[in-house]
Each structure stands twice: as structure tokens, then as C-alpha cells.
Amino acid sequence: MVVRAAEHVKPRCYNVVMADKLSHKLDEVADRLKSAERVVSLTGAGISAESGVPTFRDPDGLWEGVRPEEVATPEAFGRDSDFVWRFYLQRRSKLQAVCPNSGHNVIARWESRFPHFDLITQNVDGLHQLAGSKRIICLHGDIWIDRCTQCAFEQRATDVSESIPRCSKCDGLARPGVVWFGEQLPHGAFERAVEQSSQAQVVLVVGTSSQVYPAASLAGVAQSAGAFVVEVNPEATSLSSLADVILQGPAGEILPRLEARLG
Ligand code: OAD
């Protein structure tokens, strides 16, 4: 038998120390939250991972095996709207089968827990809304909206049909109401997100790789204005070196543990 250095086998006490450290960090963040008037959460695909929605950049993520420029740019839609729609109709159909998880639910409850709680999400899946969040800025749009390419009329998709949606007003070709690469964010959304982030005392950045701008700049904006920035993520990200505290773990476990400490 080959003897290998047990570099991946952590001694039992290591796990205890890590758990203890996480517990202290949770206490520290809970103390910050208890005295905060304004709290912001910025979420990404990771918060929906425990609902069974693939993220974008993790292994088996949505962008693995798909080139974003083939399905998530206005040029791709101009070239082959059928192909792009098939991608989004398939996503809608998968989303219809999933539910919000405990991470979404905690965030929804926090709207009434704090004097001011704002949610800024990069997600288009609608799960925050299903969980009951109302004060949301959807930076990257909403996959459940069909927007007419002719008259810009927007309507909510009521069922997951397999046919390509057309405008109920002018019969123009509709497109998914999501923000594609190279497009502007919804009017005023980023400005409101900057305003909320810079007024917050605590900003929780949950489940995002912090690789897509301008959303990824919000934590820095908040911190420069004095906010305490907390990252909730099982993995290290581009934000990790800037965050004041990292709560390492899945959002569906970390957020309920944090909520339990708020009393
Ligand atoms: P990414 O796929 O880039 O990152 C997902 C993050 O979630 C990673 O950092 C994971 O470690 C983390 N994660 C995975 N499981 C988690 C869990 N259970 N709890 C907490 N975190 C978890 O997704 P985003 O950062 O959201 O834009 O991507 C940003 C944007 O890139 C998307 O909005 C989309 C995409 O291109 C557009 O389509 C415009």
C-alpha cells in the first residue's frame, strides 16, 4: 500500500476549531445587525443553489457548456431568436418546478425585522419574490417577463408554454426580460442600489462570485461609505479579501443560524 501524506485529512480538532470560529463570526455579525437601522443584502445565483437552481460559474453551472455570447447577448437574439428562446423557455420550465429555500425565506422575513431592509439581487429566477420579498431591485431583470421588441410592452409569462411569446398588444416578437451582456441595467436600478448600499450599516453579500460588474462594485461602494460587509458563500470569491467577515457555508444554513441569534 502506498503511504501518502494526509494533506486532505484534517485532524478532528480542526473541525471543532472551524465550527467555533464560525460561531464567533456569526455572533459578531448578529451584534452588528442588532444595532443596524439600515441593512442591505446583495444576492447572486448561490442563494438559489439549495433550491436546485444551477449557478452560472460553479461546476455544472449554466455557463458550463454554453457560451454566454450564444444565448445572452442582443446579437445572439438578433441572429437566432428561436435558439435563444429555447434556452430561456427551458430555464423557465425548470424554475417552475422549484421553491424558495430557507435562505430566501430568512431574507424575506428580514424586511419586517429591520427598520430599513433592502434586497438587491442579480437573480432573475423570481424565488425571492415567491418567498415574499417585496423591496427588491432586480439588477439583471426578470426571466418571467416577456418584453416586446417592437413596442416594449411588458407582460408576465403566465404559463410555461413551448411557443415563442409574442406581444399581446402589437403581436411583435417578445424577448425575455433579462439583462444580457453589453446591455444597460434597468433604468435607475443601479443608481438606487448605490444609494441603498451607501446608506447601509451592514451589507450581506450572499451567493455571488462577485465577477459581474457593476453589481460587483456595490460592496466596495458600501464599505467606502462605512458599511460592515459580510460575505456568505461556501467558497472564496473576488470579494473575500475585502469583506469584513466571511461566513463560510451555504446560505440556506448560514442565514437561519444568523437569524436565530437576532432573538
Ligand atoms: P456565479 O455562478 O458567478 O456565482 C455563484 C456563487 O454562489 C459562487 O461564488 C458560489 O461559490 C456560490 N454558491 C454556491 N452554492 C451556494 C450556496 N448554497 N450558498 C451560498 N453561495 C453559494 O453567479 P452570480 O455571481 O450570481 O448575469 O453571477 C452574476 C451574474 O453572472 C448573473 O446574474 C448572470 C451571470 O452571467 C447575467 O446573466 C447578466
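Remember, it's a predicted structure, so these values are computed and weren't measured experimentally.

Chemist: Describe in detail the overall build of the protein chain, supporting the description with residues and values.
Modeler: Check the secondary structure of the protein chain and you find 9 helices and 9 strands. For 263 residues, the compact-globule estimate of 2.2 N^0.38 gives 18 Å, and the C-alpha radius of gyration of the protein chain, at 20 Å, lies within 12% of that figure. Projecting the C-alpha coordinates of the protein chain onto the three principal axes gives extents of approximately 65 × 60 × 30 Å. Looking at the 263 residues of the protein chain, the share that counts as buried comes to 46%. Partitioning the intrachain contacts of the protein chain with sequence separation of at least 6 by distance along the chain shows that 66% fall at a separation of at least 24.

Chemist: Quick one: what's the story with the site of the ligand, residue by residue and with numbers?
Modeler: The ligand sits among 24 residues. The nearest are Phe56, Arg57, Thr208, Ser209 and Asn233. Side-chain polar atom of Glu50 to a nitrogen atom of the ligand: 2.8 Å apart, as the coordinates give it. The fraction of the free accessible surface of the ligand (800 Å²) that becomes covered by protein chains is 92%. Taken together, the residues of the shell around the ligand sort by class into 10 nonpolar, 10 polar and 4 charged. Lining the shell around the ligand are residues from two domains, each supplying at least three of them: domain 1 (1–52 + 100–140 + 186–263) and domain 2 (54–97 + 141–178).

Chemist: Lay out the confidence of the model for the protein chain in plain terms, naming residues and giving numbers.
Modeler: Across the protein chain, the average pLDDT comes to 92, with 95% of residues at 70 or higher. Predicted confidence is poor over residues 1–7, with pLDDT under 50, and the contacts of this stretch with residues over four places away or in other chains come to 0 contacts.

Chemist: Provide a residue-level description of the pattern of salt bridges, including the pertinent values.
Modeler: Under the criterion given, the structure shown has 10 salt bridges. Notably, a salt bridge pairs Asp118 with Arg135, separated by 2.7 Å at the nearest N-O pair. Placement of the pair is Asp118 in strand β2 (residues 116–121) and Arg135 in the loop between α6 (127–131) and β3 (136–138), with a sequence separation of 17 residues. Note that Arg166 and Asp171 form a salt bridge whose closest N and O atoms lie 3.7 Å from each other. Relative accessible area serves as the criterion here: at 48%, Asp171 is assigned to the partly exposed category. Look at the salt bridges and you will find they share partners, linking Arg67, Glu69 and Glu70 into a network.

Chemist: Got a sec to walk through the domain arrangement of the protein chain? Specific residues and values, please.
Modeler: Examined at the domain level, the protein chain breaks down into domain 1 (1–52 + 100–140 + 186–263) and domain 2 (54–97 + 141–178). Using C-alpha coordinates to define each centre, domain 1 is positioned 27 Å away from domain 2. At the junction of the two partners, domain 1 supplies 16 residues and domain 2 supplies 12 residues. Together domain 1 and domain 2 conceal approximately 910 Å² of surface at their shared face, both sides included; 57% is due to carbon and sulfur atoms. It is Ala45, Val124 and Asp125 in domain 1 that bury the most area against domain 2; as a group they hold 46% of the surface buried on that side. For the pair domain 1 and domain 2, the number of links is 0 salt bridges. Inspection of the domain 1/domain 2 interface yields 3 residue pairs in polar contact (both at pLDDT 80 or more). A per-class count over the side of domain 1 that touches domain 2 returns 7 nonpolar, 8 polar and 1 charged.

Chemist: Tell me what's going on with the environment of Val203, and back it up with residues and numbers.
Modeler: Within the fold, Val203 resides in strand β7 (residues 202–206). Separated by 170 residues in sequence, Val203 and Leu33 have C-alpha atoms that sit 9.5 Å apart. Contact partners of Val203, with chain neighbours within four places excluded, come to Val40, Ser197, Ala222, Ala227, Phe228, Val229 and Val230.

Here is what the cut-offs are and how they apply
Residues numbered from 1 in each chain as written. Predicted model: local features only at pLDDT ≥ 70, side-chain atom pairs only at ≥ 80, totals over all residues. Heavy atoms only, no water. Helix = DSSP H or I, 4+ residues; strand = E, 2+ residues; numbered from the N terminus. Rg over C-alpha atoms; globule rule 2.2 N^0.38 Å. Buried < 20%, exposed > 50% of the residue type's maximum accessible area, 1.4 Å probe, protein only. Contact = heavy atoms within 4.5 Å. Near = heavy atom within 4 Å. Polar contact = N/O pair within 3.5 Å; in protein donor to acceptor, adjacent residues only side chain to side chain. Areas by Shrake-Rupley, 256 points an atom, 1.4 Å probe, with all protein chains shown as cover. Nonpolar A, V, L, I, M, F, W, Y, C, P; charged D, E, K, R; others polar. Domains from an automatic or database assignment. pLDDT = per-residue confidence, 0-100. Salt bridge = Lys/Arg side-chain N within 4 Å of Asp/Glu carboxyl O. Buried area = accessible area lost by both parts, 1.4 Å probe.

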